[in-house]
Amino acid sequence: MTSSTAFERMFGFARQDVSLGNWREQPYNSWSFQNAGEMVPSARIAARDGDIEEAPVDLGGLLDDSVAINGNDETVAGFLSRSSTDALAVMKKGRFVGDWFAPTMKPDARHIIFSISKSLTAILAGSLEGEGRLDPNAPVTDYVPEAAGSVYANATVRHVLDMTVSLDFEEAYLDPESLFARYRRATMWNPGGGAESLREFLIALQPLDEPHGQTFRYRSPNSDLLGIIVERASGQRYAELMSDRLWKPLGARRDGFVTVDKEGSARAAGGVSVAVRDLARVGEMMRHGGVAEGGRIVPQAWVEDTIHGGDAAAWQRGTMTNLFAHGRYRNKWYQSANASGAYCGIGIHGQWLYVDPKAEVVISKMSSQALPVDDPLDLDNVAFFEAICARV
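Rules and cut-offs
- Residues numbered from 1 in each chain as written.
- Predicted model: local features only at pLDDT ≥ 70, side-chain atom pairs only at ≥ 80, totals over all residues.
- Heavy atoms only, no water.
- 1 Å grid on protein atoms, 1.4 Å probe; cavity = no way out; pocket = protein on both sides within 12 Å on 5 of 7 lines; lining within 4 Å.
- Points joined across faces, edges and corners; volume = space filled by probe spheres on them.
- Helix = DSSP H or I, 4+ residues; strand = E, 2+ residues; numbered from the N terminus.
- Nonpolar A, V, L, I, M, F, W, Y, C, P; charged D, E, K, R; others polar.
- Phe/Tyr/Trp six-rings, centres within 6.5 Å; stacked < 30°, edge-to-face > 60°.
- Buried < 20%, exposed > 50% of the residue type's maximum accessible area, 1.4 Å probe, protein only.
- Salt bridge = Lys/Arg side-chain N within 4 Å of Asp/Glu carboxyl O.
- UniProt positions renumbered as here; feature names shortened; annotations may be inferred.
- Lys, Arg positive; Asp, Glu negative; His and termini not counted.
- Polar contact = N/O pair within 3.5 Å; in protein donor to acceptor, adjacent residues only side chain to side chain.
- Core = buried A, V, L, I, M, F, W, Y, C linked by side-chain atoms within 4.5 Å.
- Contact = heavy atoms within 4.5 Å.
- Pairing = 2+ DSSP bridges.
- Axes fitted to C-alpha atoms, helices over the stretch in contact; angles between N-to-C directions.
- Expected span 1.5 Å × (residues − 1).

Per an unreviewed UniProt entry, the recorded name for the chain is Beta-lactamase-related domain-containing protein, and the organism is Aminobacter niigataensis.

Novice: Account for the layout of surface pockets, naming residues and giving values.
Specialist: Taken as a whole, the largest pocket holds about 540 Å³ of empty space. Lining the largest pocket we find 27 residues, and of these Y173, Y218, M320, V373 and D375 sit closest to its centre. Mapped onto the lining of the largest pocket, the elements with two or more residues apiece are strand 13 (343–347) and helix 14 (375–391). When its residues are assigned to classes, the lining of the largest pocket shows 10 nonpolar, 9 polar and 8 charged. The volume enclosed by the second largest pocket comes to roughly 330 Å³. Lining of the second largest pocket is provided by 22 residues; of these, R24, E25, Y173, L174 and R184 occupy positions nearest its centre.

Novice: Help me get a handle on the packing of aromatic side chains, residues and values and all.
Specialist: Within the structure shown, the criterion is met by 24 aromatic pairs. Between F114 and W189, the aromatic rings sit 5.8 Å apart at their centres with planes inclined by 70°, giving edge-to-face as the arrangement. Residue F114 is found in the loop between strand 6 (111–112) and helix 5 (116–130), and its partner W189 is found in the loop between helix 7 (179–186) and helix 8 (198–202); the two are separated by 75 residues along the sequence. Neither residue differs from the other here; F114 and W189 are each classed as buried. Centre to centre, the rings of W333 and Y343 are 6.1 Å apart; their planes meet at 65°, and the pair counts as edge-to-face. Within this pair, whereas W333 is found in strand 12 (residues 333–335), its partner Y343 is found in strand 13, the two being separated by 10 residues in sequence.

Novice: Before we move on, can you summarise the pattern of salt bridges with the specific residues and values?
Specialist: One pass over the full model with this rule turns up 29 salt bridges. Close ionic contact of R391 with D65 constitutes a salt bridge, the shortest N to O distance being 3.5 Å. Taken together, the positions of R391 in helix 14 and D65 in the loop between strand 1 (42–45) and strand 2 (66–69) put the pair 326 residues apart, joining distant regions of the chain. For D65, a relative accessible area of 28% corresponds to the partly exposed category. Measuring nitrogen to oxygen at the nearest pair gives 3.8 Å for the salt bridge that ties E146 to R199. Separated by 53 residues along the polypeptide, E146 in the loop between helix 5 and helix 6 (157–161) and R199 in helix 8 bring together distant segments of the chain. Since its relative accessible area comes to 29%, E146 is described here as partly exposed.

Novice: Any chance you could break down the UniProt feature "domain: Beta-lactamase-related" (unreviewed entry) in the chain for me, citing the residues and the numbers?
Specialist: According to UniProt, the "domain: Beta-lactamase-related" (unreviewed entry) feature falls on residues 84–383. A helix fraction of 32% and a strand fraction of 17% characterise residues 84–383, whose end C-alpha atoms lie 16 Å from each other.

Novice: Explain the side chain of K365 to me, and be specific about the residues and the numbers.
Specialist: Considering the arrangement of structural elements, one finds K365 in strand 15 (residues 361–367). In this structure K365 is buried but unpaired, with D86 as the nearest side chain of opposite charge at 8.5 Å. Among the polar contacts made by the side chain of K365, one reaches the side chain of S83 at a distance of 3.0 Å. Among the polar contacts listed, one links the side chain of K365 to the side chain of T85, at a separation of 3.0 Å.

Novice: Can you lay out the nonpolar core for me, pointing to particular residues and giving the numbers?
Specialist: Of all hydrophobic cores here, the largest spans 129 residues; its most connected members are L120, I123, Y152, L246 and W247. By residue number, the principal contributor to this core is helix 14, which donates 8 residues. Excluding anything up to four places from it in sequence, W247 contacts I45, A46, A47, L120, M242, A252, R254, D255, G256, V274, D278 and V282.

Novice: For the sheet that holds strand 14 (residues 351–356), give the residues involved together with the corresponding values.
Specialist: Read from one edge to the other, the open sheet built from 7 strands follows the order 5-4-15-14-13-12-11, with strand pairing classed as antiparallel. The open sheet has two edge strands, strand 5 (95–101) and strand 11 (328–330), and neither has a second partner. This sheet shows a mean twist of 20° between the axes of neighbouring strands, independent of strand direction. Bridge analysis of strand 13 against strand 14 gives 5 bridges, and the strand direction is antiparallel. Its bridge partner lying in strand 14, G347 is registered against Q351. Sheet contacts for helix 12 (residues 300–308): strand 11, strand 12 and strand 13; angle to strand 12, the most-contacted strand, approximately 55°.

Novice: An account of helix 11 (residues 276–287) is needed here, citing residue identities and associated values.
Specialist: The end-to-end C-alpha separation of helix 11 is 17 Å, in line with the 16 Å expected for 12 residues at 1.5 Å each. When you tally the buried positions in helix 11, you get 12 out of 12 residues, the bulk of the element. Along helix 11, the residues classified as buried are V276, R277, D278, L279, A280, R281, V282, G283, E284, M285, M286 and R287. Phi turns positive one or two residues past the end of helix 11, at G289, with a value near 75°.

Novice: Can you lay out the sheet that holds strand 7 (residues 256–259) for me, pointing to particular residues and giving the numbers?
Specialist: An order of 1-7-8-6 is seen for the 4 strands of this open sheet, with the pairing classed as antiparallel. The open sheet has two free edges, formed respectively by strand 1 and strand 6, since each of these has just one partner strand. Examined bridge by bridge, strand 6 and strand 8 (residues 272–274) share 2 bridges and lie antiparallel to one another. Bridge pairing links I112 to S273 in strand 8.

Novice: If you had to explain empty space enclosed by the protein to someone new, which residues and values would you point to?
Specialist: Summed over all chains, the structure comprises 2 cavities of 30 Å³ or more. The computed volume of the largest cavity comes to approximately 70 Å³. Residue composition of the lining of the largest cavity, by class: 6 nonpolar, 3 polar and 4 charged. S115, K118, S119, Y218, Y329, K332, Y334, G345 and I346 are the residues that line the second largest cavity. The set of elements that each furnish at least two residues to the lining of the second largest cavity consists of helix 5 and strand 13. Residues belonging to the lining of the second largest cavity are distributed by class as follows: 4 nonpolar, 3 polar and 2 charged.

Set out below in structure tokens:
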């Protein structure tokens, strides 16, 4: 009889059971979401040398507190378990006031944040815009001329930033025969990748029969294209740019990583992995109007535009009004339009970066939910964040 390994005892399966074909499925995602670099080629986003993370702060009695979540009462601990949470970090007025980690995640682990990567990529665009090196109103083809035969031929960078490109594409996460599955092969996320690069895939995409700028359509390829745009505008590769313009001045304590394709193009739409506290620090920088411990990262005017600007009519024409009935989307951040003025970055499988400016609270939550998209659980997450903001 063979004895189980420490890995098997912790996760309930063997490492060799995890493959490129199942790494986003439960139970395997409880490990793979913290180790995306073992599944997909990745580039390092370097943090500053010498910065040491402080010890986690126990959530203590808050775990046993009962909170009302859309008409149902449950404990904080119960909700963390129900929502497959791997890690939670809570900041109040710039100070960490609570951390929580599942038994399968260590405090210094890096966890993939999926589409919160979009929000980080937009910060790079905002930094370059502040220096006059990127014009959001310029045509995409000013930066990516090879996109001239694609949907992006007459789109602007602003259309890309605000997801109002009239793109013929669906986020069909679970359809193995869809255009989305081809997209994931191009990013090296699915078996069979490598025949087509991410850039080649993007510049082959075609439009719908509607002008750009009319409707909010959540389409991840737009954000991967933004990753290429910021590289072209800066003359730097994505991981280096992220390190220089965000990660180091942010005071991030741990290196991040981003998955890359066969050409080294970053999965700017969803491939970033970071530590949970470092993700919270991004929200705190936004709450402070673009300033972090290493100085200004983006102009205050860009932050104000991100959290107050955007096209409400375009949002209403979209399909996410169930989450934020009167929300908006600007520079790849969601505005809740709730009384708190909260705004957030959101990633599939339960990744959240939630900023409540009224309560002066930032919450980062990393999860390994079974479904990529779970609309009822998304609503429960927002209610949970509101409850936490009211208690800390």
